[in-house]
Amino acid sequence: MTLAELLPTYRRSLPEKLPAAIWPDAAEAMPSGDVAVSGVSLTEVAERFGTPSYVLDVQTVRYRCRAYRALDAEIAYAGKAFLCRRMARLIAEEGLSLDVCSGGELATAAAAGFPAERILLHGNAKTDLELRAAARAGVGRVVIDSVAEVDRLVGPQDVLVRVTPGIDGHTHRAVATGVEDQKFGSSLAGGQAAAVVARVLSRPELRLVGLHCHLGSQIAGVTGYEEAVRRLVAFLADIAVRHGVALPQLNLGGGHAVAYRPGDASFNLSGFAARIPRVLGFECRKHGLVPPRLTLEPGRAIVARAGVTLYRVVTVKHTSTRTYVAVDGGFSDNPRPELYDSRYTARLVGRAGDVQKRSMRVVGRHCEAGDVLIPDVQLPSDIRAGDLLAVPCTGAYHHSMASTYNLVPRPPVLAIDDGAVEAWIRRETEADLLHRDIA
Ligand SMILES: Cc1ncc(COP(=O)(O)O)c(C=O)c1O
Ligand SMILES: N[C@@H](CCCC[NH3+])C(=O)O
């Protein structure tokens, strides 16, 4: 046999790196059909911890934090994407700040010992309880959503004013927050943002440190952010003229898109890093302002790709129209396909499977016809009950949006770090569900 003939066989005996756009950084497909993440076999994880399970690759989270930390900006991780005490500690270790949007997220950050001065509290309907908890914890900044909130704040407190800039980030309408006529922030065009600023400045115990805007989530383009900088810098200039104050911070929110399937568009971070400071510098010079310090609040872009969900196939049903592959999870661990028409891919793990692939529909176990995890995905044609399926890019807004619908307990979060696996959040049990149910 010649070397050229041997080469394909030799290659098939080597691990193959999985596409880094959607899988954790160190994910490899083994010749056996197994997938290893940072050297840990997903088959073994599923056998040891059961399914469904969320796996989280710690190294990928760290690398994503570092990619953002390389920018000339404060990076505040958006905890709504995924938060638990271990995650809060990791974020603190990596030197990021933290955006929390509820008393629960704040309590988790506090219990993890996250430095309070690096916490920002968000929310369009912060309760008095939450505002008091923030004051007690010594939260660094509160982001004010409306004029009515100003008088409810407990001072002394550094604050930002959340502005609705009237910009379409071109994303799903359920997660578009920069456009007019919606619940978040105070409108720039309508003059409500100016009214909030005036109200804040009338309360000496509040220190206005900057402006905030958030265009929405899963935004791939940079142009919306450039326009936000133009509009917010013009507003900063307006505030300087009208009130004689120069605000030192400009928070552009998060929303940076990730790819869920190969070929999906994702956020161009290096393009953003090159273009935004240029626009900021230009606009500030135009208005005679010292450029404010930027804050960014990525959630999904930090943690999405670090996560993989493992499901066990429970049953395979062939109908006259298609094949349904039903797994042991579904809508309760991933409501995103139903809510945002999000599309995923899946991979058979643990055995090589038929080389012939066919289009199939992966469905969940819930009592809803709409409980479809993936409407159409190519899987080995011999897929069968007992097989293990891995769905990549499930680190953000999966555990944090999980429910107990149909009284199905929530899966654990299993962190892979340094070649070992450890539960960061244990599997919920039926006993947990009964525990809160008063007999
Ligand atoms: C105020 C604010 N900041 C940051 C984020 C994080 O968004 P993403 O996870 O899309 O980066 C959100 C959620 O969209 C948000 O509402
Ligand atoms: N939950 C949404 C993102 C919303 C971000 C919160 N402001 C998602 O899964 O895509």
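Since the model is a prediction, treat every value here as computed from it, not as a measurement.

Asker: Go over the overall build of the chain, please, and point to the residues and values.
Answerer: Looking only at helices and strands, the chain features 13 helices and 22 strands. Computed over C-alpha atoms, the radius of gyration of the chain comes to 24 Å, within 12% of the 22 Å expected from 2.2 N^0.38 for 439 residues, which places it in the range of a compact globule. C-alpha atoms of the chain, sized along the principal axes, occupy 80 × 65 × 45 Å. Sorting the 439 residues of the chain into buried and exposed places 52% on the buried side. The contacts in the chain between residues at least 6 apart in sequence include a share of 67% that link residues at least 24 apart. Split by element, the accessible area of the chain, about 19200 Å² in all, is 52% carbon and sulfur. Averaging the locations of the 51 positively and 48 negatively charged side chains of the chain gives two centres separated by 2 Å.

Asker: I'd like to hear about the site of ligand 1, residue by residue, with values.
Answerer: Taken together, 16 residues sit near ligand 1, with His 214, Ser 217, Gly 255, Glu 297 and Tyr 397 positioned nearest. One of the side-chain nitrogen or oxygen atoms of Lys 80 is found 3.4 Å away from an oxygen atom of ligand 1. With respect to ligand 1, the backbone of Gly 299 contributes an N or O atom lying 2.9 Å from an oxygen atom. Relative to its free-state accessible area of 390 Å², ligand 1 is covered by the protein chains to the extent of 92%.

Asker: Hey, could you go over the UniProt feature "binding site: pyridoxal 5'-phosphate" (unreviewed entry) in the chain for me, with residue numbers and the actual values?
Answerer: Taking the UniProt record as the reference, the feature "binding site: pyridoxal 5'-phosphate" (unreviewed entry) is found at Gly 255, Glu 297, Pro 298, Gly 299, Arg 300 and Tyr 397. In this fold, Glu 297 is placed in the loop between β14 (293-296) and α11 (300-303). Setting aside residues up to four positions removed in sequence, Glu 297 forms contacts with Ala 76, Ala 78, Asp 99, Leu 120, His 122, His 212, Asn 251, Gly 253 and Gly 254. In this structure, Gly 299 sits in the loop between β14 and α11. With residues up to four places along the chain from it excluded, the contact list for Gly 299 reads Tyr 77, Ala 78 and Ala 81.

Asker: A description of the site of ligand 2 should follow, citing residues and the corresponding values.
Answerer: Around ligand 2, the neighbouring residues are Lys 80, Val 175, Ser 217, Arg 300, Arg 336, Tyr 340, Tyr 397 and Met 401. Arg 300 places a side-chain nitrogen or oxygen 2.8 Å from an oxygen atom of ligand 2. Tyr 340 has a polar side-chain atom sitting 2.8 Å from a nitrogen atom of ligand 2. Taking 310 Å² as the accessible area of ligand 2 by itself, protein coverage stands at 83%. Here the residues of the shell around ligand 2 sort into 4 nonpolar, 1 polar and 3 charged.

Asker: Could you give an account of the pattern of salt bridges, naming the residues involved and the relevant values?
Answerer: In total, this model carries 23 salt bridges according to the counting rule given. Notably, a salt bridge pairs Asp 25 with Arg 305, separated by 3.0 Å at the nearest N-O pair. One end of the pair, Asp 25, is in the loop between β1 (16-17) and β2 (27-29); the other, Arg 305, is in the loop between α11 and β15 (307-318), with 280 residues separating them in the sequence. Glu 74 serves as the salt-bridge partner of Arg 141, at 2.6 Å between the closest nitrogen and oxygen. Of this pair, Arg 141 sits in strand β9 (residues 141-144) while Glu 74 sits in strand β6 (residues 74-78); the two residues are 67 residues apart in sequence, bridging distant segments of the chain. What makes Arg 141 buried here is its relative accessible area of 6%.

Asker: Would you mind going over the packing of aromatic side chains in detail, with residue names and values included?
Answerer: Pairs of aromatic rings are described using the distance from one ring centre to the other and the angle between the two planes. Within the structure shown, the criterion is met by 5 aromatic pairs. Summarising the aromatic geometry, the rings of Phe 331 and Tyr 405 are spaced 6.1 Å apart at their centres and angled 80° between planes, so their arrangement reads as edge-to-face. Remark: Tyr 405 occurs in the loop between β20 (388-392) and β21 (413-417) and Phe 331 occurs in the loop between β16 (323-327) and α12 (336-340); sequence separation between them is 74 residues. A residue is classified by how much of its surface remains accessible, and Tyr 405, at 29% relative accessible area, is partly exposed. Here the aromatic cluster, defined as three or more aromatic residues joined through ring pairs, consists of Tyr 225, Phe 267 and Phe 272.

Asker: Run through the pairing of strand β7 (residues 97-100), naming residues and quoting values.
Answerer: Of the two faces of β7, the one carrying Ser 97 and Asp 99 and the one carrying Leu 98 and Val 100 are both buried. As paired strands, β6 and β7 are joined by 3 bridges and run parallel to one another. Among the inter-strand pairings, Ala 78 is bridged to a residue of β7, identified as Asp 99. After leaving β6, the chain enters helix α4 (residues 85-93) and then returns to the sheet as β7, a path that is right-handed. Pairing of β7 with strand β8 (residues 119-121) involves 3 bridges; the strand directions are parallel. Opposite Asp 99, over in β8, you have Leu 120 as the bridge partner. For the crossover that starts at β7, traverses helix α5 (residues 103-111) and ends in the parallel β8, the hand is right-handed.

Asker: Quick one: what's the story with the nonpolar core, residue by residue and with numbers?
Answerer: The tendency in soluble globular proteins is for nonpolar side chains to be buried as a group. In terms of nonpolar packing, the biggest core is built from 102 residues, with Tyr 77, Phe 82, Met 87, Leu 211, Leu 252, Val 303 and Trp 424 touching the most fellow members. A per-element tally of this core places helix α9 (residues 223-243) first, with 9 residues. In terms of nonpolar packing, the next biggest core, distinct from the first, is built from 21 residues, Val 37, Val 45, Val 55 and Ile 416 among them.

Asker: Which residues make up helix α2 (residues 42-49), and what are the values?
Answerer: All buried positions along α2 are accounted for by Leu 42, Thr 43, Val 45 and Ala 46. Buried residues of α2 fall within an arc of 165° about the axis and therefore sit on the same side. Relative to its buried face, α2 has exposed residues pointing more than 90 degrees away, namely Glu 44, Glu 47 and Arg 48. By the N-cap criterion, in which a side-chain oxygen at the helix start approaches the backbone nitrogen of a residue two or three places on, α2 is capped by Ser 41, the distance to Thr 43 being 3.2 Å. With its phi angle positive at about 80°, Gly 50 sits one or two positions after the end of α2.

Analysis parameters
- Think of each chain on its own: its residues are numbered from 1, step by step along the sequence as written.
- Key to labels: chains lettered from A, ligands numbered from 1, both in the order written.
- Only residues with pLDDT of at least 70 get local features here, since the model is predicted, and only at 80 or more are side-chain atom pairs given and counted; chain-wide, interface and lining totals rely on the full set of residues.
- Only hydrogens and water are set aside; all other atoms, that is, all heavy atoms of the structure, feed into the side-chain values.
- Here a helix means four or more residues in a row that DSSP labels H or I, a strand means two or more in a row labelled E, and each is numbered from the N terminus.
- Radius of gyration means the value over C-alpha atoms here, while the globule rule gives 2.2 Å times the residue count to the 0.38 power.
- Buried residues are those whose accessible area, probed at 1.4 Å on protein chains only, stays under 20% of the maximum for their type, while exposed residues exceed 50% and partly exposed ones sit between those limits.
- Contacts are assigned to residue pairs that have any heavy atoms within 4.5 Å of one another.
- Per-residue and other accessible areas were derived by the Shrake-Rupley procedure at a 1.4 Å probe size, with only the shown protein chains allowed to occlude residues.
- When charges are counted, Lys and Arg are positive and Asp and Glu negative, with His and the chain ends excluded.
- Charge positions are represented by NZ for Lys, CZ for Arg, CG for Asp and CD for Glu.
- What makes a residue near a molecule or strand is one non-hydrogen atom of that residue sitting within 4 Å of it.
- By the criterion applied in these results, polar contacts are pairs of N or O atoms within 3.5 Å in which, for protein atoms, one can donate a hydrogen and the other can accept it, and in which residues neighboring in sequence qualify only through two side-chain atoms.
- UniProt positions are given in the numbering used here, feature names are shortened, and annotations may be inferred rather than shown by experiment.
- Side-chain classes follow a simple rule in which Ala, Val, Leu, Ile, Met, Phe, Trp, Tyr, Cys and Pro form the nonpolar group, Asp, Glu, Lys and Arg form the charged group, and the remainder, Gly included, forms the polar group.
- Between Lys or Arg on one side and Asp or Glu on the other, a salt bridge is scored when a side-chain nitrogen of the former is within 4 Å of a carboxyl oxygen of the latter.
- Centres within 6.5 Å are what make two rings of Phe, Tyr or Trp a pair, Trp counting through its six-membered ring; a difference in plane orientation under 30 degrees is then read as stacked, over 60 as edge-to-face, and the rest as tilted.
- For two strands to count as paired, DSSP must find a minimum of two bridges between them.
- Think of it like this: strands point away, you trace from the first strand over the helix to the second, and a clockwise trace means the crossover is right-handed.
- Residues enter a nonpolar core if they are buried and are Ala, Val, Leu, Ile, Met, Phe, Trp, Tyr or Cys, with the set joined through side-chain atoms within 4.5 Å.
- Of all possible arcs, the one meant is that of the directions from the helix axis to the C-beta atoms.

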